[in-house]
Amino acid sequence: MTWFGTNHEDEGTSIKEVSDGYVVTGLYTTRPILVKRGFNGAPVWEKYLADPTIHFAEGFDLETISDGSFIICGGIRETVTANSDVFVVKTDRNGNIQWSKTICGVEHDGGYSIEVLDDTYIIAGATRSFGAGSYDGYLIKISPIINDTDDPLAIAYNGNRDLAREPNTEKLHLVYTRMDSVIYQYSSNGGANWTTPLSIGRGRLPAIALSSDNLPSVTWTDEPGGLWYRRQIAPGVWGDVYRLYYPVSPLDPFVNSPPAIAIIPSNPDEVHILITRTGRIQMNGVAHTVEDCIFPITNPEMRVFELIEHGVGDMYPPLRSYPSIAHSPNNLLHLVWQRADTICYATRQIGQS
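Residues numbered from 1 in each chain as written. Predicted model: local features only at pLDDT ≥ 70, side-chain atom pairs only at ≥ 80, totals over all residues. Heavy atoms only, no water.

Chemist: Looking at this model, I keep getting lost on the side chain of arginine 348. Mind explaining?
Modeler: Here arginine 348 shows up in strand E28 (residues 342–348). Within the structure, the side chain of arginine 348 is placed 3.0 Å from the side chain of aspartate 292, a separation counted as a polar contact. Engagement of the side chain of arginine 348 in a polar contact is seen with the side chain of glutamate 306, the distance being 3.0 Å. (Helix = DSSP H or I, 4+ residues; strand = E, 2+ residues; numbered from the N terminus. Polar contact = N/O pair within 3.5 Å; in protein donor to acceptor, adjacent residues only side chain to side chain.)

Chemist: Just checking my understanding: could you explain the environment of asparagine 160 for this structure?
Modeler: Within the fold, asparagine 160 resides in the loop between strand E11 (136–142) and strand E12 (161–165). Measuring from C-alpha to C-alpha, the distance between asparagine 160 and leucine 205 comes to 4.4 Å, with 45 residues separating the pair along the chain.

Chemist: Quick question: what am I supposed to make of the pattern of salt bridges here?
Modeler: Opposite charge on two side chains makes pairing possible when the charged atoms of those side chains draw close. Enumeration according to the criterion identifies nine salt bridges in this entry. Notably, a salt bridge pairs aspartate 20 with lysine 36, separated by 2.8 Å at the nearest N-O pair. Note that aspartate 20 is positioned in the loop between strand E1 (10–18) and strand E2 (21–28) and lysine 36 in strand E3 (residues 31–37), a separation of 16 residues in sequence. You can call aspartate 20 partly exposed: its relative accessible area is 42%. Classification of lysine 36 as buried rests on a relative accessible area of 9%. With a shortest N-O distance of 2.8 Å, arginine 320 and glutamate 309 are connected by a salt bridge. With arginine 320 in strand E26 (residues 320–327) and glutamate 309 in strand E25 (residues 304–313), the pair connects residues that are 11 residues apart, well separated along the chain. (Salt bridge = Lys/Arg side-chain N within 4 Å of Asp/Glu carboxyl O. Buried < 20%, exposed > 50% of the residue type's maximum accessible area, 1.4 Å probe, protein only.)

Chemist: Would you mind showing me how to read the sheet that holds strand E27 (residues 333–339) here?
Modeler: The strands making up a sheet associate through hydrogen bonds between their backbones, and the pairing can be parallel or antiparallel. Read across the open sheet, the three strands follow the order E26-E27-E28; overall the sheet is antiparallel. Two strands bound the open sheet, and with one partner strand each, they are E26 and E28. The average undirected angle you get between the axes of adjacent strands in this sheet is 20 degrees. (Pairing = 2+ DSSP bridges. Axes fitted to C-alpha atoms, helices over the stretch in contact; angles between N-to-C directions.)

Chemist: Sorry if this is basic, but what is going on with the packing of aromatic side chains here?
Modeler: What characterises a pair of aromatic rings is the spacing of the ring centres plus the angle enclosed by the ring planes. Within this structure, the stated rule accounts for seven aromatic pairs. Relative to phenylalanine 295, the ring of tyrosine 229 lies with its centre 5.0 Å away and its plane at 75 degrees, an arrangement referred to as edge-to-face. With tyrosine 229 in strand E18 (residues 227–234) and phenylalanine 295 in strand E24 (residues 285–296), this residue pair connects regions lying 66 residues apart in the sequence. Under the relative-accessibility criterion, tyrosine 229 is labelled buried at 1%. (Phe/Tyr/Trp six-rings, centres within 6.5 Å; stacked < 30°, edge-to-face > 60°.)

Chemist: I would appreciate a short explanation of the environment of glycine 59 in the present structure.
Modeler: Assignment of secondary structure puts glycine 59 in strand E5 (residues 56–64). Overall, glycine 59 belongs to the buried group, its relative accessible area being 3%. For the pair glycine 59 and leucine 49, spaced 10 residues apart in the sequence, the C-alpha separation amounts to 8.3 Å. Not counting residues up to four positions away in its chain, the partners in contact with glycine 59 are Thr13, Thr25, Gly26, Pro32, Ile72, Cys73 and Gly74. (Contact = heavy atoms within 4.5 Å.)

Chemist: Is there a simple way to explain the sheet that holds strand E10 (residues 120–127) in this structure?
Modeler: On the basis of which strands lie adjacent, the open sheet formed by three strands has the order E9-E10-E11 and antiparallel pairing. Unpaired on one side and paired on the other, strand E9 (109–117) and E11 mark the two borders of the sheet. Adjacent strand axes in the sheet meet at a mean angle of 20 degrees, parallel and antiparallel pairs treated alike. The pairing of E10 with E11 spans seven bridges and is classified as antiparallel. Considered in E11, the bridge of tyrosine 121 is made with isoleucine 142.

Chemist: Would you mind going over the confidence of the model for the protein chain with me for this structure?
Modeler: A low pLDDT score tells you not to read the predicted coordinates there in detail. Per-residue pLDDT for the protein chain averages 85, and the proportion of residues at 70 or more is 92%. Taken element by element, the protein chain is modelled with least confidence in strand E8 (residues 97–103), mean pLDDT 82, and with most confidence in strand E17 (residues 216–221), mean pLDDT 97. Segment residues 147–158 is flagged for pLDDT under 50; beyond a separation of four residues in sequence, or across chains, it makes 28 contacts in the model. (pLDDT = per-residue confidence, 0-100.)

Chemist: Please clarify how the pairing of E17 should be interpreted in this entry.
Modeler: A regular strand places its side chains so that they alternate between the two faces of the sheet. Burial of E17 is extensive: six of the six residues sit out of reach of the surface. Summarising the sheet, strand E16 (residues 204–210) and E17 pair through five bridges and their orientation is antiparallel. Each bridged residue has a counterpart across the sheet, and for alanine 207 the counterpart in E17 is threonine 219. In this antiparallel pair of consecutive strands, E16 and E17, the connection spans five residues, and asparagine 214 shows a positive phi of 65 degrees. Direction of pairing for E17 relative to E18: antiparallel, over a ladder of five bridges. Looking at E18, one finds that threonine 221 is bridged to leucine 227.

Structure representation (structure tokens):
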């Protein structure tokens, strides 16, 4: 007989025999764990499968893979008030995490059993997010290789996902959406391993940029056409969520496409969020604008919206849309956007039009 755990609530939920012992997954206080023991019960290693900042997570089922690695499914709650989600972790033969994935819904979900089938993983569980009501059976099929981006070493600006790389490193900062959550992940090794997905806001179409100290700033929009912003104020520590703009009435302008963000190194850094908006100016007229939302990174409440270009036409299709912004080493800003069927390009020096 052997045991693992503390004087808190611990449990083993699934066990597999391997060539030199047994591997068990389960719960260690509030964190999922993978434990290996020899055939005589002697400890070999114990590995945590989730970040200690997570409120609660547990491994429910474990499967071995032909190369000696492991795949684990379970449930996770990121905060006290969050709903539970399906949690999947892939490790190597020594229990080191290779990747992890949270499969989110709007209600409580969990994964209770996992099987390896050819080149995919099949998870069975329960869901309140989907189905006929209350809890329903949940069947999920995922690829054995989880890539949250098309190219982990590129800067991809692509609607519902965006990626930034710290200069001259393989450190990557990724944002994307699941359901209506804006999700952030970080990789220190070029996308081979990612941190646990973290929800940093509600909305869609996120964009990300790095400050002069390589901390991420994220902007996004939402269904009504509002504009939001949040940044890390220290490594791993996120500050407040700021509502930069929100339409109050149907006549108010709304953000009509993904925003774009660039940060100019300064003291403090200067944030530029390029947006396009659509809004009525009179009963039969609609204005379509390209605007630069500017503020010091330490005080988003000091934001100003500078008009770059506008046109008047029908409500749809938008006459100004899909903006993008970047800056060169001399802090010259480069902007592009779509004007109907034309791509427009402009530059501006800091403090100039």
